[in-house]
Amino acid sequence: MITMGATTSSLNNDSDGGSERCTGEPKQVIKVSADRRLELDLEALEGILLRDSIRDKPVVVVSIAGDFRKGKSFMLNFFLRYLQSGSGTTDDWLGSTDTPLEGFSWRGGRQLVTTGILMWSEPFVVKLADGQEVAIVLMDTQGAYDSEYTVRHSAIVFALSTMVSSIQVFNLMHNLQENDLQVLELFTDFGRLALTTTDKIPFQKLMFLIRDWSFPYEHPYGLTGGQQFLNEKLIIKENHAEELKQIRRHIKSCFSDIGCYLMPHPGLKVATNDGFDGRLADIDAAFVDNIKTFVPLILDPNKNNVIVKEIGGRPITGKQLVDCFKMYFDDLTSSVTVKCPLDQEHAKSRK
């Protein structure tokens, strides 16, 4: 069962599945000001997380991050369609092949669409296999690097999204390169320094999503091929330079769970048609088949795939997430160590 956080009314699971129009809209919670400073829109954040239906419920924060103009928002809209169709209650959750893809703003081309951090305005309340109700929040982020913003901007945005998310999807094109691992190390280290709880793994699930994978004859599309590929990438070899060994140790130490999914190219109509609006009829069948597999891997509440956000080993609610979001943002933008209330509580409990 799934409900919308704003109204707590059940979604209709009709035969059209994902053809139902989106309810809600993306809300920008981290903005870039005219003088190129990052700003937190606390009112927007509270409007999402402090509503009566979710403020006291455990939250699941699914974030997607990575380089700019690589289809993050496009992919996130399939997450949105899955949740709005009933989160696995219908096999036809993708809906009609002629339905445009709606939700977070996206388009082809070279221009940046997402700046800062956006959240979907309507969290989704789902019931897990054990009967617990949790609220799923979808989050979209600015690209890791672009021509408009500094490395510090990118580091703050990526670190913050990793700190507040329970599932961080790292969206990459074609391959997982050494420089991608270096970027991940830099940004996660930046975020880890803001945390006062040092005796636990700081972050939760990381999922590498490799788009337009071109070597299925070496590692097949999907999770199994992705895990094989990731194991090869993260293995520490004797002939590695010490810097390369340290990068791999750092990444493994930062996340409690690391996965990888290899996704095929969506097809020429997607890549070359400036009028493409996301309808399935224009997307290659192999990509659609993998979407049907990948999205439930992140969001299916009946298979223990939904991960509740924890800090200090304790699940946090919508209200608590607001407090930590604000404090982590203040810390990252001022370079002053933040003491999140939940971290303090955890420290006290250990004395």
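The name given to the protein in an unreviewed UniProt entry is GB1/RHD3-type G domain-containing protein, and the organism recorded there is Medioppia subpectinata. According to its UniProt record, the protein has this under Sequence similarities (unreviewed entry): "Belongs to the TRAFAC class dynamin-like GTPase superfamily. GB1/RHD3 GTPase family."

S.K.: Help me understand the pairing of strand β6 (residues 124–127) in this model?
M.R.: In regular strands, side chains alternate between the two faces of the sheet. Across 4 bridges, the pairing between β6 and strand β7 (residues 133–141) is antiparallel. Following the sheet pairing, V126 is matched in β7 by V134. Hairpin geometry of β6 and β7 is characterised by an intervening segment of 5 residues between the two adjacent antiparallel strands and by a positive phi of about 95 degrees at G131.

S.K.: I tried to follow the nonpolar core on my own but got confused; where do I start?
M.R.: Considering soluble globular proteins, one finds that nonpolar side chains tend to be buried as a cluster. Counting 56 residues, the largest nonpolar core has V29, L49, M119, L160, F208, I210 and F325 as its most contacted members. Sort the elements by how many residues they give to this core and helix α3 (residues 151–164) lands first, with 8 residues. If sequence neighbours within four positions are ignored, I210 has contacts with L172, H174, N175, L176, F229, C260, Y261, L262 and M263. Ranked by size, the runner-up nonpolar core spans 42 residues in total, among them L94, V169, M207 and F287.

S.K.: Teacher, can you tell me more about unusual backbone geometry here?
M.R.: What is expected of a backbone is that most residues other than glycine have negative phi and most peptide bonds are trans. With a phi angle near 55 degrees, D212 is a residue other than glycine that sits in the positive phi range. In this structure, D212 sits in the loop between β9 (203–211) and α5 (223–234).

S.K.: What is the right way to read the pattern of salt bridges from this model?
M.R.: Pairs may arise between side chains of opposite charge once their charged atoms sit close together. Going through the model one piece at a time under the given rule, you end up with 12 salt bridges. The salt bridge partner of E122 is R51, with a shortest N-O separation of 3.2 Å. One end of the pair, E122, is in the loop between β5 (117–120) and β6; the other, R51, is in the loop between α1 (42–49) and β4 (59–66), and 71 residues separate them in sequence. Its relative accessible area of 18% is what places R51 among the buried residues. In this structure, the salt-bridge partner of E178 is R248, at a minimum N-O distance of 2.8 Å. With a gap of 70 residues between them, E178 in helix α4 (residues 178–192) and R248 in helix α6 (residues 242–254) connect regions that are remote in the sequence. By relative accessible area, E178 is classed as partly exposed at 27%. The class of R248 is buried, set by a relative accessible area of 3%. Salt bridges sharing common partners tie together D35, R37 and E39.

What counts and what doesn't
Residues numbered from 1 in each chain as written. Predicted model: local features only at pLDDT ≥ 70, side-chain atom pairs only at ≥ 80, totals over all residues. Heavy atoms only, no water. UniProt positions renumbered as here; feature names shortened; annotations may be inferred. Pairing = 2+ DSSP bridges. Helix = DSSP H or I, 4+ residues; strand = E, 2+ residues; numbered from the N terminus. Core = buried A, V, L, I, M, F, W, Y, C linked by side-chain atoms within 4.5 Å. Buried < 20%, exposed > 50% of the residue type's maximum accessible area, 1.4 Å probe, protein only. Contact = heavy atoms within 4.5 Å. Salt bridge = Lys/Arg side-chain N within 4 Å of Asp/Glu carboxyl O.

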